[in-house]
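Residues per chain are reported as follows:
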Amino acid sequence: MRLLDLPLNVQARLLSFEAVRAKLKQYGLYVGDEIRVVRVAPLGGPLLVEVNGREIALGRAVAEKILVELR
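### Quick notes on the pairing of strand 4 (residues 54-58)
For strand 3 (residues 47-51) and strand 4, the ladder comprises five bridges, and the chain directions are antiparallel. Its bridge partner being in strand 4, L47 is matched across the sheet by L58.

### A closer look at the nonpolar core
Judged by nonpolar contacts, the single largest core of 19 residues is most densely connected at L3, L24, I35, V49, L58, I66 and V68. Counting only elements with at least two residues in this core, the list comes to strand 1 (12-16), strand 2 (34-40), strand 3, strand 4 and helix 2 (60-63). Here the element with the most residues in this core is strand 3; it accounts for three residues. Excluding its chain neighbours within four sequence positions, the residues that come into contact with L58 are L3, L24, Y27, P46, L47, V49 and I66.

### Notes on the sheet that holds strand 1
Spatial ordering of the open sheet is given by 4-3-2-1-5, a layout of five strands whose pairing is antiparallel. At either end of the open sheet lies a strand with only one pairing partner, and these are strand 4 and strand 5 (67-70). Across this sheet, the average inter-strand angle for adjacent strands is 45 degrees, counted without regard to direction. Taken together, the four bridges between strand 1 and strand 5 define a ladder with antiparallel strand orientation. Directly across from A12, in strand 5, lies its bridge partner L70.

### A few points about unusual backbone geometry
For L43, which is not a glycine, the phi torsion comes out positive at approximately 60 degrees. Given a relative accessible area of 90%, L43 falls into the exposed group. Even without being glycine, N52 reaches a positive phi, approximately 55 degrees. Its location among the elements puts N52 in the loop between strand 3 and strand 4.

Scoring rules and cut-offs
Residues numbered from 1 in each chain as written. Predicted model: local features only at pLDDT ≥ 70, side-chain atom pairs only at ≥ 80, totals over all residues. Heavy atoms only, no water. Pairing = 2+ DSSP bridges. Helix = DSSP H or I, 4+ residues; strand = E, 2+ residues; numbered from the N terminus. Core = buried A, V, L, I, M, F, W, Y, C linked by side-chain atoms within 4.5 Å. Buried < 20%, exposed > 50% of the residue type's maximum accessible area, 1.4 Å probe, protein only. Contact = heavy atoms within 4.5 Å. Axes fitted to C-alpha atoms, helices over the stretch in contact; angles between N-to-C directions.

Pasting the structure below:
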């Protein structure tokens with residue numbers, strides 16, 4: 001499932017993000033990390049996600065390229 005499709009407050013594990021690997025490594029995100037969507041901004045705005053105890057805003061175009069699995 002894509003991160004963009006993950007329901008709010010549902011725990012998932014990062015599976016793959018090849019297309020945006022360099023950008024996400026800058027944030028300290030790695031395959032296997034636990035991730036949760038905290039908030040979705042209206043009108044096509046970014047997703048606020050929690051990973052490793054930190055909150056990070058990710059644009060929808062980036063979130064669409066990240067694959068996760070439900071925990």
